[in-house]
Amino acid sequence: YQGCHASFARYCSALAHGRMDAEDLMQDVLLSAFHHFERIEKPEELLHYLLRAARNRSISVWRVQRRTADVEERQLNRLQARGVSADTLVDVQLLYRALDKLPLDQREALLLFEVTGLPMAEIAVVQNCSEGAVKTRVSRARSALRELLSERPAVAGAARTRALLTLITLLP
């Protein structure tokens with residue numbers, strides 16, 4: 001598990017932002033994986049299993065629970081504690097709102113690639129599709145984000161979008 005912890009934590013943090021606590025998501029998924037470990041077909045692909053489980057768990061929670069200001073506030077407080085400016089906090093909120101507007105497969109591919117740092121081939125395994133499909137999803141997600149964020153000049157531009165996606169990795 002040590003080898004996949006950092007990627008798993010970053011993915012859960014990005015996936016959970018504003019909807020649920022990332023640590024709760026991680027604990028739920030890890031507890032489930034522990035209880036069902038013997039059913040995991042390829043234990044060497046633990047990261048892939050954990051990422052899929054996190055995605056499925058978050059979808060289940062999102063269906064039941066709407067976005068709460070308390071969770072979003074806690075996550076923004078974490079960024080503030082790291083010295084992030086108020087303008088950047090607003091940009092991060094806008095980025096997450098824009099990410100929420102992306103189709104699920106595109107959002108997941110973009111987060112797995114940009115935040116978690118997984119190679120395209122591994123994302124293809126996680127998403128159960130071809131590597132070409134992953135490249136298309138990431139490209140379309142980037143384009144859609146640029147368009148969604150272009151409404152706010154301070155956030156516009158590929159470099160700024162990339163910087164904000166990188167900022168997500170600061171979340172625990």
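Before reading further, recall that the structure is shown in the block above.
Scope of this entry: the structure provided in the associated data block. (Residues numbered from 1 in each chain as written. Predicted model: local features only at pLDDT ≥ 70, side-chain atom pairs only at ≥ 80, totals over all residues. Heavy atoms only, no water.)

1. Regarding the side chain of threonine 116
Consideration 1: Within the fold, threonine 116 resides in helix α6 (residues 104-116).
Consideration 2: Its relative accessible area of 2% is what places threonine 116 among the buried residues.
Consideration 3: Dropping the residues within four chain positions of it, threonine 116 is found in contact with Ser7, Arg10, Tyr11 and Leu111. (Helix = DSSP H or I, 4+ residues; strand = E, 2+ residues; numbered from the N terminus. Buried < 20%, exposed > 50% of the residue type's maximum accessible area, 1.4 Å probe, protein only. Contact = heavy atoms within 4.5 Å.)

2. Concerning the nonpolar core
Consideration 1: If you look at the biggest cluster of nonpolar residues, it comprises 47 residues, and the most contacted ones within it are Phe8, Leu51, Ala54 and Leu99.
Consideration 2: Elements supplying a minimum of two residues to this core: α1 (2-16), α2 (22-35), α3 (46-64), α4 (69-81), α5 (86-101), α6, α7 (120-127) and α8 (131-149).
Consideration 3: If near-sequence neighbours (up to four positions away) are discounted, phenylalanine 8 is found in contact with Tyr1, Met26, Val29, Leu30, Leu47, Leu50, Leu51 and Ala54. (Core = buried A, V, L, I, M, F, W, Y, C linked by side-chain atoms within 4.5 Å.)

3. Describing the packing of α6 against α7
Consideration 1: Relative to each other, α6 and α7 sit at 140°, their axes nearing to 10 Å. In this view, α6 runs oblique relative to α7, as classed from their interaxial angle. Seen from above, α6 lies across α7 with right-handed handedness. Judged by residue contacts, Asp105, Glu108, Ala109, Leu112 and Phe113 of α6 engage Met120, Ile123, Val126 and Gln127 from α7.
Consideration 2: Its residues placed into classes, the contact of α6 with α7 shows 6 nonpolar, 1 polar and 2 charged. (Axes fitted to C-alpha atoms, helices over the stretch in contact; angles between N-to-C directions. Parallel < 35°, antiparallel > 145°, perpendicular 65-115°, else oblique. Left-handed = near helix turned anticlockwise from the far one by under 90°. Nonpolar A, V, L, I, M, F, W, Y, C, P; charged D, E, K, R; others polar.)

4. Concerning α7
Consideration 1: By the burial criterion, the buried members of α7 are Met120, Ile123, Ala124, Val126 and Gln127. Take α7 and look down its axis: the buried residues cluster within an arc of 165°, on one side only. (Arc of directions from axis to C-beta.)

5. Things to note about the side chain of glutamine 127
Consideration 1: Counting through the fold element by element, glutamine 127 comes out in helix α7.
Consideration 2: Residue classification places glutamine 127 among the buried positions, given a relative accessible area of 12%.
Consideration 3: A distance of 2.9 Å separates a polar atom in the side chain of glutamine 127 from a polar atom in the side chain of arginine 137.
Consideration 4: Glutamine 127 has contacts with Asp105, Glu108, Ala109, Val134 and Arg137, leaving out every residue within four places of it along the chain. (Polar contact = N/O pair within 3.5 Å; in protein donor to acceptor, adjacent residues only side chain to side chain.)

6. Thoughts on unusual backbone geometry
Consideration 1: For asparagine 128, which is not glycine, the phi dihedral falls at a positive 55°.
Consideration 2: Locating asparagine 128 in the fold gives a position in the loop between α7 and α8.

7. A closer look at the environment of glutamate 147
Consideration 1: Tracing the sequence through the fold places glutamate 147 in helix α8.
Consideration 2: Along the backbone, glutamate 147 and alanine 98 are 49 residues apart, and their C-alpha atoms lie at a distance of 9.4 Å.

So far we have only geometry, and geometry alone does not tell us how the molecule works.
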